[in-house]
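Observations on the three-dimensional arrangement
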Amino acid sequence: PLPPPPPPPPSPASCLTQAGPTITLSGRRTTGYENTSLADNTKIDASTAQFITGTKIPVHIAGSHVCYHGGEVIGQWPPSTPWTFAYTTYGIVVSGPNTTVENVVMPNFGNGVSMDQNGANFTVRSSYLSYGRDGSIENDFDLTGTVDDVLIESYLPFGSEEYVSGVDGSNNVETIKNSLAYLEPMDGVYSGPVPGTAGMFVWGPKGPQLALYNNVFRVDQNSNERYLAPPPGKLADCQGNVMIWLGSGPFPETLPTTFNGKQCYTLMTGQAGLDYWNNAVTRWKANHPNVLPDIAPPVVSLFSPGIVGSTTLSGSVGLTATAADDRHVAGVQFEMDGQNIGSELTNDSPTSKYTISWDSRTVANGTHTLTATARDAAGHTTTSAGVSVTVSN
């Protein structure tokens, strides 16, 4: 029998209830917020703040027992952005111990929430980190911390590698619980073919132990990096997790089904697995409604031709664009020399990919410019960089 979906976790009391001074951030913010000398127990209420700065680090905070609550931190780099740039971007950098980051929406960064060497005993909870290009929870100083009730869609959901030599977190524990993590293929990758993924856990030999409780993980394809399953020798505790495997063949790694006599992972595949994942995401989003206005346009790039595929077109060809949005992509329209070709596509398959079959004989031979325009439900549009193609029939 299929495992029942995990019940929604009880909502922890917001860190805004803790004693201490309060700083309020609000409205559309086109410049970053950096405060690395916060008083102990400071609460940053960013419930109505929407950062759309275009900078690599919009939020950088440091202080002991700091609470960062709410709002959005929005990246705007197109899907074709090279990984070598994307991984230098950070949504929120935490530089103080016992910091809590909660109720944040954070799309389209390389690293999502990143802890430096002073960020021990961190908590990230009740947040949505989407279209992440590197470590969505970046713990590269191998610290103890907790991830709770978080939805992640990322090239690399959980990272813990030695950022500098001498770091050793082998005796620390990172706890991940009540969370959903999708290892989403991206166009800008560290290595291997595109679209590709890193790992669910990119973990160094001195990374912390892992305690995993009541999570749902989704993997669509094998990765060029380890690990899809928990790194060998790194499980501190494990119970009630589900792995959704939608790739071909058997799951590529050894998945621990039990740990210390408890059910550790249940493997699900095919349509039943996809339905389970979609239902879990729908339930999570219903429990975490985003009431802020939609201020950000989609991001879009041509994938083929573009990142892959020949730019010489003849006969019937497939055209593919990659598009993502901080809410939802409503449609993608292809254009040749500024004129629509085909109908607008409203469904992606696979995730973030929009493909049409087009007869190149409907235009004259020669050089043309191909673009794609993505639209969100709020009416924002973005047109991709053009790709010069040669039609030869």
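Because the structure is a prediction, the values reported are computed rather than measured.

**Focus: the nonpolar core**
One finds Y68, I92, I137, F158, F201 and Y265 to be the most contacted residues of the largest nonpolar core, which totals 53 residues. Ranked by residues supplied to this core, first place goes to strand β3 (residues 43-51) with 4 residues. If we skip the residues at most four places from it in the chain, F201 touches F158, I176, L210, L212, F217, R226, Y227, L228, A229, P230, P231 and Y265. Membership of the second largest hydrophobic core comes to 21 residues, among which are A323, F334, I356 and L370.

**Concerning the side chain of E184**
Relative to the assigned elements, E184 resides in the loop between β16 (180-183) and β17 (201-203). Put simply, E184 is tucked away with no salt bridge, and the nearest opposite charge, on K353, sits 7.2 Å away. Once residues within four sequence positions are removed from consideration, E184 is found in contact with Y131, E153, S154, Y155, G196, T197, T351 and S352.

**A few points about the packing of aromatic side chains**
Summed over the entire model, instances satisfying the criterion amount to 12 aromatic pairs. Ring centres of W77 and F109 lie 5.5 Å apart, and the angle between their planes is 75°; this geometry places the pair in the edge-to-face category. Of this pair, W77 sits in the loop between β6 (72-73) and α1 (83-86) while F109 sits in the loop between β9 (105-107) and β10 (111-115); the two residues are 32 residues apart in sequence, bridging distant segments of the chain. A residue is classified by how much of its surface remains accessible, and F109, at 3% relative accessible area, is buried. With a centroid separation of 6.0 Å and an interplanar angle of 55°, the aromatic rings of Y128 and W284 are classed as tilted. With Y128 in strand β12 (residues 128-138) and W284 in helix α2 (residues 270-287), this residue pair connects regions lying 156 residues apart in the sequence. For Y128, a relative accessible area of 12% translates into the label buried. Site record: aromatic cluster; members linked through ring pairs are F158, F201, W203, F217 and Y265. In this structure, R218 is placed above the aromatic ring of Y182, and the distance from its NZ or CZ to the ring centre is 4.0 Å. The ring of F303 has K353 lying over it, and the distance from NZ or CZ to the ring centre is 4.7 Å.

Criteria and cut-off values
- Residues numbered from 1 in each chain as written.
- Predicted model: local features only at pLDDT ≥ 70, side-chain atom pairs only at ≥ 80, totals over all residues.
- Heavy atoms only, no water.
- Core = buried A, V, L, I, M, F, W, Y, C linked by side-chain atoms within 4.5 Å.
- Buried < 20%, exposed > 50% of the residue type's maximum accessible area, 1.4 Å probe, protein only.
- Helix = DSSP H or I, 4+ residues; strand = E, 2+ residues; numbered from the N terminus.
- Contact = heavy atoms within 4.5 Å.
- Lys, Arg positive; Asp, Glu negative; His and termini not counted.
- Salt bridge = Lys/Arg side-chain N within 4 Å of Asp/Glu carboxyl O.
- Phe/Tyr/Trp six-rings, centres within 6.5 Å; stacked < 30°, edge-to-face > 60°.
- Lys NZ or Arg CZ within 6 Å of the ring centre and 35° of its normal.

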